[in-house]
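Close look at the chain arrangement
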Amino acid sequence: MIIPATPATTPEASAIIRGGPRLWLPGLVALALTLLVVLLHAYLDRPFWYDEIWRGHFVSEPIGSLWSELTVANTPSALGWLGVTRLSGDLFGWHSWALRLPGFAALPALGALTAVLTRRFSGAVAALFAVCWLCLNATFLDLATQLKPYTIETLAAVAVVLLWLGRPEPGSETGSGSRSRLGPVGRGRLNRGRLIRRTAAGVISLFSVPAIFLVIPLAVMDLVPGPDRRRRIAETLPSVVLVAAHTLFFIGHQSAQRAGGYWDAQFLAGRDPWQAVRFVAEQLWRFGTGSPPGIDQFDPSLVPGFVDLPGYLPWLLAPAIVVLGVTGAAALARRPDGRRVLGALAGAELLMLGASAARFWPFGPTRTNQFVVPLFVLVVVVGGDRVTRHAARRAARAWRARPVDRRARAVDAGGAVAVVLTVVLAAGVALAGAGSGDRLVWERQDRMRGLDLMVDAAVTTRRLVRPGDLVVVGGRLARPGWIYAMEVSADAPRIPEALPQSGRGTVSGTFSGTASGNEPPRVARADTVFVDPGRRDSAGRLVPLAAQLERSRRPGRLVVFVFDIDAAAMAPGLAALRDEGWCPGESRRFRLTGSVTVYSACSKPPVSSRG
């Protein structure tokens, strides 16, 4: 008698069960990473350093002046990231921990979604390894614990891909689901579920600057020749319109850094054909030597991988990553959803390379491109999973085979076991390299970094300034950090005992701004002059510091803050202030940040060196 298969044992149901996400794995990952976030809570309260505090300024800028301020942003910010970070500051106060909170919260969510995406194409062990490889990486954790958008952008990238893939289709593991895209809807009719998912992916893309590099390839794969092209255009169009408008009008408005030279080493622009080939080859090789592949190898301020490990390990690991990556790509190419992942990854890399030729976007393993790291991890991990499973099955078959030729069986089984052990060894080296810098991440929780005493300097200025004084902020890069520390930050000074006693109550409050706590009023931007030793006029001539300080009336005193890294460049201009009748008095220095000096009228008329 033939017993009919139950729904749970049909091939279609089995494929969905094997390919679909299991709640226990993402739940376990989210819980473990939440505990990690709690363990690293000291990073929440750390003062902002330079690469964070300027972001705090643009996040907190009043709506009326935000649009004009964004034109001089150090690097573009996504509308969604800017909004959620600003909302956190408005809700919890403008503390460093409040602005970092969204990025911290994104870490467990990223781990959970990475587990879901990887589990779709591999086993649970491989998915768990992928999460550890990514989320326990020292460079990744260093970025995740700062006020930077990269963790949220990486989360957005994984979410966009998952939404675009939708639910695993029956037979997707063998590729037989490639004709089932229309499902029960039929030709010509709009698939509302797909439309909602695509539109949701477009909304999520507003939280990521580089999301367009993923959405465009995914949309192109939707629109390749095939049946019902008009319907597919209608389902994809809202997401494309959202991400294109966001990129052109909001991100494009913040493209001032194109004129700078910071990313020149990661731009294809300005290279001859031979240099271009070498550049692309070098960047691709650096992708492979990273653990995980694609992780930042550009920023010297970040904790690198392979700390305290032999320097040759990345070079030994790279061939294994390439072989497993090719194997994983071949396995993914046999599935419709796998081909979408490969197309999104390849398309993103090609678009980033093209953008780098126009100086719009860096190419290579940099922090800006962290959003594609989970996809690289997926490809390599799927390859490792396939190789390991195939070798294990081969070893089992050899072990169960009849003992006709014991020698051949032993060789076959031994070879398969050797393959498994090689993959396991490579995985161990990769994970060790990724997490080898975690000790430094832990030890640096209280490390001083450049500009992280800016709040102390701003509070000192508020205590020293008197009615009629002019505050002068010197340094090309000091402006955004000073504005945030002076006008917005609700954090207390880090070293209060080193600050002058507050004069509040003895000085009349005629200065602009508002007081906070027991501190004197904040100094408004209108009462502050920002000077740059490298500023030039329309004719290209350097503008002297004294000329930059010209006001309608002479101030009572100058309270001058000089950014630490610009101290040498500012020195000649400050020395020339004596010619204008200003002599330095009380001064306080803040390590790795700068100094605050009060300049008063000289007691004797200065002897002019200009004759």
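Residues numbered from 1 in each chain as written. Predicted model: local features only at pLDDT ≥ 70, side-chain atom pairs only at ≥ 80, totals over all residues. Heavy atoms only, no water.

Topic: the side chain of Arg 198
Among the secondary structure elements, Arg 198 is positioned in helix H11 (residues 192-204). Apart from residues no more than four positions distant in its own chain, Arg 198 is found in contact with Leu 163, Trp 164, Asp 222, Glu 235, Thr 236, Ser 239 and Arg 340. (Helix = DSSP H or I, 4+ residues; strand = E, 2+ residues; numbered from the N terminus. Contact = heavy atoms within 4.5 Å.)

Remarks on helix H20 (residues 454-464)
Most of H20 is tucked away, with 11 of its 11 residues classed as buried. Of all the residues in H20, the buried ones are Met 454, Val 455, Asp 456, Ala 457, Ala 458, Val 459, Thr 460, Thr 461, Arg 462, Arg 463 and Leu 464. Residues of H20 that are buried make contact with helix H4 (50-60), strand E1 (470-474), helix H21 (479-487), strand E3 (558-563), strand E4 (582-590) and strand E5 (594-601). (Buried < 20%, exposed > 50% of the residue type's maximum accessible area, 1.4 Å probe, protein only.)

Side note on a nonpolar patch on the surface
A surface patch of nonpolar side chains, amounting to about 310 Å² of accessible area, comprises Leu 87, Leu 91 and Phe 92. Relative to the helices and strands, Leu 87 is located in helix H6 (residues 79-92). (Patch = residues over 30% accessible without salt bridge, like charges linked within 9 Å, V, L, I, M, F, W, Y side chains within 5 Å. Areas by Shrake-Rupley, 256 points an atom, 1.4 Å probe, with all protein chains shown as cover. Salt bridge = Lys/Arg side-chain N within 4 Å of Asp/Glu carboxyl O.)

Describing the packing of aromatic side chains
In this structure the tally under the stated criterion is 15 aromatic pairs. Arranged with centres 6.2 Å apart and planes meeting at 40°, the rings of Trp 67 and Phe 250 form a pair that is tilted. You can see Trp 67 sitting in helix H5 (residues 63-69) and its partner Phe 250 sitting in helix H13 (residues 229-251), a full 183 residues away along the chain. Under the relative-accessibility criterion, Trp 67 is labelled partly exposed at 46%. Classification of Phe 250 as buried rests on a relative accessible area of 11%. (Phe/Tyr/Trp six-rings, centres within 6.5 Å; stacked < 30°, edge-to-face > 60°.)

Considering the pattern of salt bridges
Scanning the entire structure with this criterion turns up 23 salt bridges. Across the pair Arg 367 and Asp 299 runs a salt bridge whose closest N-O atoms are separated by 3.0 Å. With a gap of 68 residues between them, Arg 367 in the loop between helix H16 (336-357) and helix H17 (373-400) and Asp 299 in the loop between helix H14 (273-289) and helix H15 (313-333) connect regions that are remote in the sequence. Each member of the pair, Arg 367 as well as Asp 299, is classed as buried. Among the salt bridges present, the one from Asp 452 reaches Arg 494, with a minimum N-O distance of 3.6 Å. Here Asp 452, found in the loop between helix H19 (438-443) and H20, pairs with Arg 494, found in the loop between H21 and strand E2 (528-531); they are 42 residues apart in sequence, far enough to count as distant. The exposure class assigned to Arg 494 is partly exposed, which follows from its relative accessible area of 32%. Within this structure, Arg 194, Asp 228, Arg 231 and Glu 235 form a network of salt bridges that share partners.

Describing the environment of Thr 388
With respect to the helices and strands, the residue Thr 388 is situated in helix H17. We classify Thr 388 as partly exposed; its relative accessible area is 24%. Here the alpha-carbon distance between Thr 388 and Ala 416, two residues 28 residues apart in the chain, equals 8.6 Å. If we skip the residues at most four places from it in the chain, Thr 388 touches Val 420 and Val 423.

Points about the pairing of E1
As a general feature of sheets, a regular strand has side chains that alternate between the two faces. Summarising burial for E1: five of the five residues are buried, a large majority. Of the two faces of E1, both are covered, the one formed by Leu 470, Val 472 and Gly 474 as well as the one formed by Val 471 and Val 473.

So, the state of the cysteines
For the coordinates displayed, the defined rule picks out one disulfide. What pairs with Cys 583 in a disulfide is Cys 602, and their sulfur atoms sit 1.9 Å apart. Classification of the bridge connecting Cys 583 and Cys 602 rests on its S-S torsion, roughly 105°, and on that basis the disulfide is right-handed. You can see Cys 583 sitting in strand E4 and its partner Cys 602 sitting in the segment after E5, a full 19 residues away along the chain. With relative accessibility at 17%, the residue Cys 602 sits in the buried group. Here Cys 135 stays unpaired: no disulfide links it, and the sulfur of Cys 132, its closest cysteine neighbor, is 8.2 Å away. (Disulfide = S-S within 2.5 Å.)

What about the confidence of the model for the protein?
Of all residues in the protein, 88% attain a pLDDT of 70 or more, and the chain-wide mean is 87. Least confident of the elements in the protein is helix H1 (residues 11-19), whose mean pLDDT is 43; most confident is H6, at 98. Low pLDDT, under 50, characterises residues 173-184; the predicted model gives this stretch 25 contacts beyond four residues in sequence or across chains. Low pLDDT, under 50, characterises residues 607-611; the predicted model gives this stretch five contacts beyond four residues in sequence or across chains. (pLDDT = per-residue confidence, 0-100.)

Examining the nonpolar core
General note: in soluble globular proteins, nonpolar side chains tend to be found buried as a group. Within the largest apolar cluster, 133 residues are counted, with the highest numbers of intra-cluster contacts made by Leu 117, Trp 133, Trp 482 and Phe 561. By size, the runner-up hydrophobic cluster in this structure holds 14 residues, among which are Leu 470, Val 562, Met 570 and Trp 582. (Core = buried A, V, L, I, M, F, W, Y, C linked by side-chain atoms within 4.5 Å.)

Looking at unusual backbone geometry
At the junction of Ser 291 and Pro 292, the peptide bond is cis and its omega measures out at 5° in the coordinates. Considering the arrangement of structural elements, one finds Pro 292 in the loop between H14 and H15. Unusually for a residue other than glycine, Asp 308 sits at a positive phi of about 60°. Relative to the elements of secondary structure, Asp 308 occurs in the loop between H14 and H15. In this model, Leu 451 sits at a positive phi of 75°, which is unusual for a non-glycine residue.

Focus: the sheet that holds E1
With respect to topology, five strands assemble into an open sheet ordered E2-E1-E3-E5-E4, the strand pairing being mixed. The outermost strands of the open sheet, each flanked by one partner alone, are E2 and E4. Averaged over all pairs of adjacent strands, the angle between strand axes in this sheet comes to 20°, irrespective of strand direction. In terms of strand pairing, E3 meets E5 through six bridges, oriented antiparallel. From the neighbouring strand, Val 559 faces E5, where its bridge partner is Val 598. In this fold H21 packs onto E1, E2 and E3, with an angle of close to 155° to the strand it touches most, E2. Docked against the sheet, helix H23 (residues 567-575) engages E1, E2, E3 and E5, running at close to 150° with respect to E3. (Pairing = 2+ DSSP bridges. Axes fitted to C-alpha atoms, helices over the stretch in contact; angles between N-to-C directions.)

A few points about H21
Of all nine residues in H21, seven are buried, a share of seventy percent or more. Every buried residue belonging to H21 is among Pro 480, Gly 481, Trp 482, Ile 483, Tyr 484, Ala 485 and Met 486, and all of these are buried. Buried residues belonging to H21 abut H4, helix H7 (96-121), H20, E1, E2 and E3.

With respect to the pairing of E3
The buried count for E3 comes to six of six residues, which makes it a mostly enclosed element. Taking every second residue as pointing to the same face, both faces of E3 are buried, with Leu 558, Val 560 and Val 562 on one and Val 559, Phe 561 and Phe 563 on the other.

Points about the side chain of His 246
Here His 246 is to be found in helix H13. Taking the relative accessible area as the measure of exposure, His 246 reaches 5% and is therefore buried. A distance of 3.0 Å separates the side chain of His 246 from the backbone nitrogen of Leu 79, its partner in a polar contact. Contacts of His 246, omitting those with residues within four sequence positions, involve Ala 78, Leu 79, Ser 205, Leu 206, Ser 208 and Ile 251. (Polar contact = N/O pair within 3.5 Å; in protein donor to acceptor, adjacent residues only side chain to side chain.)

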